[in-house]
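Here are the chains, one letter per residue:
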Amino acid sequence: FSRNRAYLSRYFRERTGMGLSTYLKQVRVEKAKSVLTDGTVAVHDVADYVGFSSSNALIRAFKEIEGVTPGQYREASFA
């Protein structure tokens, strides 16, 4: 982009109202939600697929954004 990292980060925050890492986390959790409703993919595979470093990282982010764990979300989807 021919811009330094700090500039791009500030520009993104000014335009969206959130940091780039927060936005990326939300996008990954949204993708994880669609994969979880399949019901056949293990949580650690979902984490890997959507770009989290581990299943624990996915669980923490998912709970922070959705208020439930990925397992609880999956169970509620099939109820």
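Just so you know, these numbers come straight off a predicted model, no measurement behind them. (Residues numbered from 1 in each chain as written. Predicted model: local features only at pLDDT ≥ 70, side-chain atom pairs only at ≥ 80, totals over all residues. Heavy atoms only, no water.)

### Observations regarding the side chain of R74
- Looking at where R74 falls in the secondary structure, it is placed in helix α5 (residues 70-78).
- Here R74 occupies a buried position and makes no salt bridge, while the nearest side chain of opposite charge, D38, is found at 7.0 Å.
- Only 2.4 Å separates the side chain of R74 from the backbone oxygen of V41, close enough to count as a polar contact.
- With residues up to four places along the chain from it excluded, the contact list for R74 reads L36, G39, V41 and V46. (Helix = DSSP H or I, 4+ residues; strand = E, 2+ residues; numbered from the N terminus. Buried < 20%, exposed > 50% of the residue type's maximum accessible area, 1.4 Å probe, protein only. Lys, Arg positive; Asp, Glu negative; His and termini not counted. Salt bridge = Lys/Arg side-chain N within 4 Å of Asp/Glu carboxyl O. Polar contact = N/O pair within 3.5 Å; in protein donor to acceptor, adjacent residues only side chain to side chain. Contact = heavy atoms within 4.5 Å.)

### Let's talk about helix α2 (residues 20-36)
- Between its first and last C-alpha atoms α2 spans 24 Å; for 17 residues at 1.5 Å apiece the expected length is 24 Å, and the two agree.
- Restricting attention to buried positions, one finds in α2 the residues V29, A32, K33, V35 and L36. Mapping the buried residues of α2 onto a view down its axis gives an arc of 160 degrees, with all of them on the same face.
- Looking at the buried side of α2, the elements it contacts are α3 (43-50), α4 (55-66) and α5. (Expected span 1.5 Å × (residues − 1). Arc of directions from axis to C-beta.)

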